[in-house]
Structures are given as structure tokens and as C-alpha cells.
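# Summary of structural features
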Amino acid sequence: MELVDIQDLKSWGSNAVPVQLRPRVKDGRIWLIDSHCHLDMVLERGVHSEEILNNMAEQGVGAIIQIGAARNEMLWARQFAHAATAVQAFYTIGHHPAEATNGDWQFGLDFIQENAGDARFVAVGEIGLDYHYHAQTKEIQKKVFVAFLQEARQAKRPVVIHTRDAHDDTVRILRTEGAGIPTLIHCFSGSRAEMEEFLELGCYISFSGIVTFKNANAVQEAAKFCPQERLLVETDAPYLAPVPMRGKTNQPGFVRYTLEFLAALRGENSEELAAACVANTQRFFSLESGS
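As the structure is a computational prediction, the values presented were derived from the model and not from experiment. Starting from 1, residues in each chain are numbered consecutively following that chain's sequence as written. For a predicted model such as this one, the threshold for reporting local features is a pLDDT of at least 70, and the threshold for listing and counting side-chain atom pairs is 80 or more; totals across whole chains, interfaces and linings nevertheless cover every residue. In computing side-chain values, all of the structure's heavy atoms are included and hydrogens and water are not.

## Examining the nonpolar core
- Trp-12, Leu-39, Phe-80, Ile-205, Phe-207 and Phe-285 are the most contacted members of the largest nonpolar core, which totals 92 residues.
- Every helix listed is a DSSP run of H or I at least four residues long, and every strand listed is a run of E at least two residues long, numbered separately from the N terminus. Counting residues per element, this core draws most heavily on helix H6 (residues 138-155), at eight residues. Put simply, a nonpolar core is a bunch of buried Ala, Val, Leu, Ile, Met, Phe, Trp, Tyr and Cys residues held in one set by side-chain atoms that sit within 4.5 Å of each other. Relative accessibility decides the category of a residue: with a 1.4 Å probe and only protein chains considered, values under 20% of the type maximum give buried, values over 50% give exposed, and everything between is partly exposed.

## Some details on the sheet that holds strand E8 (residues 183-185)
- One open sheet holds the eight strands; their spatial order is E3-E4-E5-E6-E7-E8-E9-E10, and the pairing between them is parallel. Only two strands of the sheet have a single neighbouring strand rather than two, namely strand E3 (32-37) and strand E10 (231-233). With direction set aside, neighbouring strand axes in the sheet form an average angle of 30 degrees.
- Two elements, strand E4 (residues 61-66) and strand E5 (residues 88-93), share four bridges in a ladder whose sense is parallel. Among the inter-strand pairings, Ile-65 is bridged to a residue of E5, identified as Phe-90. Think of it this way: DSSP has to see at least two bridges between two strands before they count as a pair. Geometry is summarised by axes, namely lines fitted to C-alpha atoms with helices restricted to the contacting stretch, and by angles between N-to-C directions that run from 0 to 180 degrees.

## Quick notes on the pairing of strand E7 (residues 159-164)
- By the criterion of burial, E7 is predominantly enclosed, with five of the six residues buried.
- Examined bridge by bridge, strand E6 (residues 121-130) and E7 share six bridges and lie parallel to one another. In the strand pairing of E7, Leu-129 is matched with Thr-163.
- The definition of a right-handed crossover adopted here requires that, viewed with the strands pointing away, the path from the first strand over the helix to the second runs clockwise. Taking the sense of rotation as the criterion, the β-α-β connection linking E6, H6 and E7 turns out right-handed.
- Direction of pairing for E7 relative to E8: parallel, over a ladder of three bridges. What sits directly across from Val-159, in E8, is Thr-183.
- Read from E7 through helix H7 (residues 167-176) to E8, the crossover connection turns out right-handed.

## Looking at unusual backbone geometry
- The omega torsion of the bond from Gly-125 to Glu-126 falls at 0 degrees, within 30 degrees of zero and hence cis.
- Positive phi outside glycine occurs at Lys-156, with the angle close to 55 degrees.
- Here Lys-156 shows up in the loop between H6 and E7.
- With relative accessibility at 71%, the residue Lys-156 sits in the exposed group.

## A short note on the layout of surface pockets
- Of the two site types, the cavity is a set of points on a 1 Å grid over the protein atoms alone where a 1.4 Å probe fits but cannot get out, and the pocket is an open set with protein on both sides within 12 Å along at least five of seven lines, each lined by residues with an atom within 4 Å of a point. Grid points are joined across faces, edges and corners, and a volume is the space filled by probe spheres set on the points. There is about 760 Å³ of room inside the largest pocket.
- Surrounding the largest pocket, 28 residues form its lining, His-96, Glu-126, His-162, Asp-236 and Tyr-239 being those nearest its centre.
- For the lining of the largest pocket, the secondary-structure elements that each account for two or more residues are helix H4 (71-83), E6 and E7.
- Tallied by class, the residues present in the lining of the largest pocket amount to ten nonpolar, nine polar and nine charged. In this classification, the charged set is Asp, Glu, Lys and Arg, the nonpolar set is Ala, Val, Leu, Ile, Met, Phe, Trp, Tyr, Cys and Pro, and all remaining amino acids, among them Gly, are polar.

## Re the packing of aromatic side chains
- For Phe, Tyr and Trp, where Trp contributes only its six-membered ring, two rings pair if their centres lie within 6.5 Å, and the inter-plane angle classes them as stacked under 30 degrees, edge-to-face over 60, or tilted in between. Per the counting criterion, the structure on display carries seven aromatic pairs.
- Considering the side-chain rings of Phe-107 and Phe-111, the 5.4 Å spacing of their centres and the 20 degrees angle between planes classify their relative orientation as stacked. Note that Phe-107 and Phe-111 are positioned in helix H5 (residues 105-114) at a spacing of four residues, about one turn of the helix.
- On the basis of relative accessibility, which here comes to 2%, the residue Phe-111 falls in the buried class.
- Considering the side-chain rings of Phe-254 and Tyr-257, the 6.0 Å spacing of their centres and the 65 degrees angle between planes classify their relative orientation as edge-to-face.
- Among the residues examined, Tyr-257 registers a relative accessible area of 21% and is labelled partly exposed.
- Cation placement over rings: the criterion is NZ of Lys or CZ of Arg within 6 Å of the ring centroid and within 35° of the ring normal. Geometry around Phe-213 places Arg-246 over its ring, the cationic atom sitting 3.7 Å from the centre.

## Remarks on the confidence of the model for the protein chain
- Within a predicted model, pLDDT stands for the predictor's per-residue confidence, ranging from 0 to 100. For the protein chain, mean pLDDT is 92; residues scoring 70 or higher make up 92% of the total.
- The criterion used for residue contact is that any of the two residues' heavy atoms lie within 4.5 Å. Segment residues 15-23 is flagged for pLDDT under 50; beyond a separation of four residues in sequence, or across chains, it makes 18 contacts in the model.

Encoded structure:
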């Protein structure tokens, strides 16, 4: 993947928007955090920085966790997190399971060590297992997963987990190798029973635009019963744009639609749920000390 031209970050340092983005509450509305996005990929798809920033301001989204799950992504994520002032930005370091056969994963382990003292580096991830498209690489996926869990423990960072059609192995590895490491199951797409297994391990659960889809009955059932103190919201942009933006390139501001859908689904006040999601995100990623 080509790095997005770093010159495109200039607008993220502009003073045009941050006055609006900084407040935690404005006009009675809680300002959200997109807990998982790939902003570099949003920009690569031609969505301009100005549009993203304006949409974030309109939808009340003031901070993002930028995911670095491959060499170029993590380099870009670190630079972005330190360059951006128009929003609060933090980054992760990991290796996506789809790329497990890429020997470059050692770079990520070294990069964790290199940046262990950086407060903007808030988690190891996304890491995990994906047997949906990559079942033929199960063994190397598990090896890489364990290696990053061990490095996360050394770096004293929480982990952000990608798991797809790999629930049993994910739980087993987290129970053994991940014991005691704060864990977030990102873009949850499983059943209520699967969620409850993760909750028993102490995991947080993050819901993306998937929960708004008409055919997402199992995910919606899980979302209804997820304890409020363990619930986060994300976009996973540029993927999985929520209804009513489905079919468009997803972007951080769209996390508001997922939040409002969840509030209606759970029968909760949207601002109370927003406050809980923000508090959970700050607690999980230790953003108070990292900001």
C-alpha cells in the first residue's frame, strides 16, 4: 500500500475546526470518539480532508484511534497522531491476521518496542485470527497472534482484536496468552453467546456499522445485552458505513449513526449512551493520560 502523501495532513493541523472539536459537550451533545478507523484508507479512496473534518464537526466526533496494522500503516499512523491538531488522534501498532504469511510482521513487534514510550501509541492491534477468508493460514496466524500478545504485555498496552469465524481459537488464546491484558473485541460480528464468552474474559466489545444492517439480527441481539460499561462504538472506516450512509465510503463522523442506532435498539438515551461510550474508550485506551 502506498503511503498517503503526508502533505495531506496540513489541514489536520488547521485551526479552522479544533475550537469546535475540543469540547466534550457542546449544545447538550456529547462529543464522540471513533475507537477504530483507517483514516489513511479513507483518504486513499478520495474523500478529502476538509469533508472529513467538517463531517466530524457536524456529527460531534472529536477524536479518533488510527489503526496501524501493517508497516506503512503504522508509520503513517504515528506521523498523523503527532501532526493532527484539528482532532485528537492516537494510534495502534499491530499486524492484521490476513497478512500473517507476510514475514514483515517482525517489523511490527520491533515498532512496538521502539514506540513503547510514546503516549500517543495507545494499543497493540488490530491483531487476531481470521478464518473466513484465510483458513489455510491458521497455524501462522496463531503464531503471530501470540507473538503480538506477548509484546503487548511487555509494552504494557491493551490489545485490539480482529476475530472472524475463529471464535473458539480466539477465546482459547486470549484465555492463556492474553490473560490479564485489557482486551477489546473490535467490530463485533458474533452472537450473544459468543459475546458473553468474551465478557467473561473481561473484554470490551465494540460495535460498528454492521449492527445497523437489516440482516444483522445476531449482532443486534448481542448489542441489546452488552453491559453499558463494556460497550464502545467505531466506524472501521473506510469499511462498513452504517445505515443511512451504507454504500458510501465510511468516515469517522459516521460513528454518530451507529451510536444513535444502538441507543434506540437498547431503549437508552443517546446522550447517556454516548457519555458511557466515551468514558469506556478513554478508560480502555488510557486517553486521559495520553492526551
